[in-house]
Amino acid sequence: MIPISSVRLDEEIENEVLGVLRSGMIAQGPKVLEFENLFAEAIGVKHAIAVNNGTTALVAAMRMLHLPEGSEVVTSPFTFVATLNAALEAGLTVRFADIDEGTFNVTDESLIEASTDRTTCVIPVHLYGQSAPMDKIMVAAELRNWKIVEDAAQAHGATHNGRAVGTYGVGTFSFYATKNLTTGEGGLVTTNDDEVADRIRIYRNQGMRQRYQYEMPGTNYRLTDVQAAIGIPQIRRMHEITLQRQHNAGYLSEHLSTNPAITIPKIADGNSHVWHQYSILINDELRRDSVLEELNQRGIGAGVYYPKLVHDYGCYADNPQVVVTETPIALNVTKRVLSLPVHQYLSTNDLDKIIESVNEATRML
Ligand SMILES: *Cc1c(COP(=O)(O)O)cnc(C)c1O
């Protein structure tokens, strides 16, 4: 089986972790600080605050923006459930903006359309590793006084017009095992705003600035030095990891572009895509599941991210904080999307096998 994601922890990582284990300081300490500083430098942002996962990164970002009571946020209906759950946990009402079929992301226009006079924050998700149109979203947000939380859980190092995601609004990243960079579990919030950064740092540590001096009711969102040690060598190699994923995506696109049964992923002008997922559309929505099954049978770890709109589950049906409006493009995409392995450990043989399998699985259509 060629897996959709693969974790390989090399000797450099083993040595970093061993160093932490032998130091006896295994909770949040100097390695977390190093992890934060390396990431901030790598993407060009003033502050990076490590937290225990990408979901709490979102919650911390939304809470520490101090949005007014009764605030509504607008996000994508085509995302991992954490985006929605975090907004609900932060006490916000959520509305959904339709996506662009080419990039799978919300746009300035769709956010404006889904917004109301109670909207105080928008949460673009840089899905699959590609930035939403942030320059335009910034203009829309400034005009309307919206805050921006970027869900960059899948987009470490992705850029839009040369500027990294996570530097526009308050950025949130995940370091879960399947992401481009991983610490097993882990998260990070990025911002250029000194005050927001200060609040998030204090919030993640029980609201404490100095020992037993509590400035706000906080929580424990701390990352450990053991986890940071796993991540540090990967941040140093982030560019290399991204280049390999870009090479793999380019190879897949080059060879799949002539297949009439599918639509290959598009890269919007000005974007550098970091390819968390390589997601194609099966043109005939009735055939997606059979193509998926055929690929799995042929040993290709293809997957569907995501098979339904994020709010389309019974557990959200009667939730007054979840306001559903129609998003026809996103709905259609949930029926046609299919992701192929693109990770940095694929060989040319693997890529050829993926291409051949996709062509054969769709030939029968
Ligand atoms: C993975 C992910 C998250 C949540 O991150 P965790 O570290 O798993 O909590 C949030 N949003 C998106 C889009 C994700 O892919």
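What counts and how
- All residue numbers refer to positions counted from 1 along the written sequence of the respective chain.
- Totals for whole chains, interfaces and linings use every residue, but because this is a predicted model, local features are given only for residues with pLDDT of at least 70 and side-chain atom pairs only at 80 or more, for both listing and counting.
- Computation of side-chain values covers all heavy atoms of the structure but excludes hydrogens and water.
- In this text, helices come from DSSP runs of H or I with a minimum length of four residues, and strands from runs of E with a minimum of two, each type numbered from the N-terminal end.
- Here the globule rule is a power law, 2.2 Å times the number of residues to the power 0.38, and the radius of gyration is based on C-alpha atoms.
- Note on exposure labels: buried denotes an accessible area under 20% of the residue type's maximum, exposed denotes more than 50%, and partly exposed covers the range between, all computed with a 1.4 Å probe on protein chains only.
- When checking whether two residues touch, look at their non-hydrogen atoms; a contact exists if any pair is within 4.5 Å.
- For the accessible areas, the method is Shrake-Rupley and the probe is 1.4 Å, while residue cover comes only from the protein chains on display.
- Charge assignment: positive for Lys and Arg, negative for Asp and Glu; neither His nor the chain ends contribute.
- Where a charge lies is defined by one atom per residue type: Lys uses NZ, Arg uses CZ, Asp uses CG and Glu uses CD.
- When DSSP finds at least two bridges between two strands, those strands are taken to pair.
- It suffices for a single heavy atom of a residue to lie within 4 Å of a molecule or strand for the residue to be listed as near it.
- N or O atoms within 3.5 Å of each other form a polar contact, as long as, within protein, one can give a hydrogen and the other can take it, and as long as residues adjacent in sequence are counted only when both atoms are side-chain atoms.
- Here the term charged refers only to Asp, Glu, Lys and Arg, the term nonpolar to Ala, Val, Leu, Ile, Met, Phe, Trp, Tyr, Cys and Pro, and the term polar to all other amino acids, Gly among them.
- Comment: axis = line fitted to C-alpha atoms, over the contacting stretch for helices; angle = value between 0 and 180 degrees taken between N-to-C directions.
- Working definition: roughly parallel below 35 degrees, roughly antiparallel above 145 degrees, roughly perpendicular at 65 to 115 degrees, and oblique for all remaining angles.
- Left-handed describes a crossing in which the near helix is turned anticlockwise from the far one by less than a right angle; the clockwise case is right-handed.
- Any pair of Phe, Tyr and Trp rings, taking the six-membered ring for Trp, is counted once the centres come within 6.5 Å. Such a pair is stacked with planes under 30 degrees apart, edge-to-face with planes over 60 apart, and tilted for the rest.
- Lysine NZ or arginine CZ positioned within 6 Å of the ring centre and within 35 degrees of the ring normal marks a charge as sitting over the ring.
- One less than the residue count of a helix, multiplied by 1.5 Å, gives the span that helix is expected to have.

Participant: Outline the overall build of the chain, listing residues and values.
Facilitator: Helix and strand content of the chain: 13 helices and 15 strands. Against the compact-globule benchmark of 21 Å for 365 residues, the chain has a radius of gyration of 20 Å, which places it among compact chains. Considered along the principal axes of its C-alpha atoms, the chain spans approximately 65 × 55 × 40 Å. Within the chain, the proportion of its 365 residues that are buried is 57%. Within the chain, counting contacts between residues at least 6 apart in sequence, those at least 24 apart form 73% of the total. When the accessible surface of the chain is totalled, it reaches about 15700 Å², and 49% of it is carbon and sulfur. Distance from the positive charge centre (30 side chains) to the negative charge centre (44 side chains) of the chain: 3 Å.

Participant: So what's going on with unusual backbone geometry? Which residues, and what values?
Facilitator: A cis amide bond links Tyr-305 to the next residue, Tyr-306, at an omega of 15°. Tracing the backbone shows Tyr-306 in the loop between helix 10 (288-297) and helix 11 (314-317). The phi angle at Tyr-128 is positive, at roughly 65°, despite the residue not being glycine. On the secondary structure map, Tyr-128 appears in the loop between strand 4 (119-123) and helix 6 (134-144). Classification of Tyr-128 by relative accessible area gives buried; the value is 2%.

Participant: Any details on the pairing of strand 15 (residues 337-340)? Residues and values, ideally.
Facilitator: Alternating positions in strand 15 separate into two faces, Val-337 and Ser-339 on one and Leu-338 and Leu-340 on the other, with burial throughout. Note: strand 14 (residues 278-282) against strand 15, four bridges, orientation antiparallel. Across the sheet, residue Tyr-278 finds its bridge partner in strand 15, namely Leu-340.

Participant: Describe the site of the ligand, and please don't skip the residues or the numbers.
Facilitator: Neighbouring the ligand are 15 residues; Gly-54, Thr-55, Asp-151, Ser-174 and Lys-179 lie closest to it. Take Asn-53: an N or O atom from its side chain is 3.4 Å from an oxygen atom of the ligand. Protein burial of the ligand: of its 380 Å² of free accessible surface, 93% is covered by the chains. Elements that contribute at least two residues to the shell around the ligand include exactly helix 3 (54-64) and helix 4 (81-89). Here the residues of the shell around the ligand sort into five nonpolar, eight polar and two charged.

Participant: Which residues make up the pairing of strand 14, and what are the values?
Facilitator: Of all five residues in strand 14, five are buried, a share of seventy percent or more. Where burial is concerned, the two faces of strand 14 agree: the one with Tyr-278, Ile-280 and Ile-282 and the one with Ser-279 and Leu-281 are both buried. Pairing of strand 12 (residues 262-263) with strand 14, which is carried by two bridges, proceeds in the antiparallel orientation. Bridge pairing in strand 14 links Ile-262 to Ile-282.

Participant: Residue-level account of the packing of helix 1 (residues 11-23) against helix 8 (residues 225-236), with values.
Facilitator: At their nearest, the axes of helix 1 and helix 8 sit 8 Å apart, and the two run at 150° to each other. Here helix 8 runs roughly antiparallel to helix 1, going by the angle between their axes. The crossing of helix 1 and helix 8 is right-handed. Here Glu-12, Ile-13, Glu-16, Val-17, Val-20 and Leu-21 of helix 1 come into contact with helix 8, specifically with Asp-225, Val-226, Ala-229, Ile-230, Ile-232, Pro-233, Gln-234 and Arg-236. Across the contact of helix 1 with helix 8, the residue classes tally to nine nonpolar, one polar and four charged.

Participant: A description of the packing of helix 3 against helix 7 (residues 194-203) should follow, citing residues and the corresponding values.
Facilitator: Closest axis-to-axis distance for the helix 3/helix 7 pair is 10 Å, and the angle between their directions is 125°. In this view, helix 3 runs oblique relative to helix 7, as classed from their interaxial angle. In this structure, helix 3 crosses over helix 7, and the sense of that crossing is right-handed. Of the residues in helix 7, those touching helix 3 at Ala-60, Ala-61, Arg-63 and Met-64 are Val-196, Arg-199, Ile-200 and Tyr-203. Across the contact of helix 3 with helix 7, the residue classes break down as six nonpolar, no polar and two charged.

Participant: I'd like to hear about the packing of aromatic side chains, residue by residue, with values.
Facilitator: The geometry of an aromatic ring pair is captured by the separation of the ring centres together with the interplanar angle, meaning the angle of the planes. Scanning the model with the defined rule gives 11 aromatic pairs in all. Ring geometry for Tyr-305 and Tyr-306: centres 6.0 Å apart, planes at 75°, overall edge-to-face. Residue Tyr-305 is classed as partly exposed on the basis of its relative accessible area of 25%. Ring-pair connections join several aromatic residues into one group, and the members of that group are Phe-78, Phe-80, Phe-104, Tyr-128, Tyr-305 and Tyr-306. Directly above the aromatic system of Trp-146 lies the positively charged group of Arg-144, at a separation of 5.5 Å from the ring centroid.

Participant: Account for the environment of Glu-195, naming residues and giving values.
Facilitator: Tracing the backbone shows Glu-195 in helix 7. For the pair Glu-195 and Leu-65, spaced 130 residues apart in sequence, the C-alpha separation works out to 9.5 Å.

Participant: Summarise helix 8; cite the residues concerned and give the values.
Facilitator: When the terminal C-alpha atoms of helix 8 are compared, their 17 Å separation across 12 residues agrees well with the 16 Å that a helix rising 1.5 Å per residue should span. Counting buried positions over the 12 residues of helix 8 gives 10, a clear majority of the element. Burial in helix 8 covers these residues: Asp-225, Gln-227, Ala-228, Ala-229, Ile-230, Gly-231, Ile-232, Pro-233, Gln-234 and Ile-235. Buried residues along helix 8 sit in contact with helix 1, helix 2 (30-43) and helix 9 (238-256).

These figures come from the coordinates and say nothing about function on their own.
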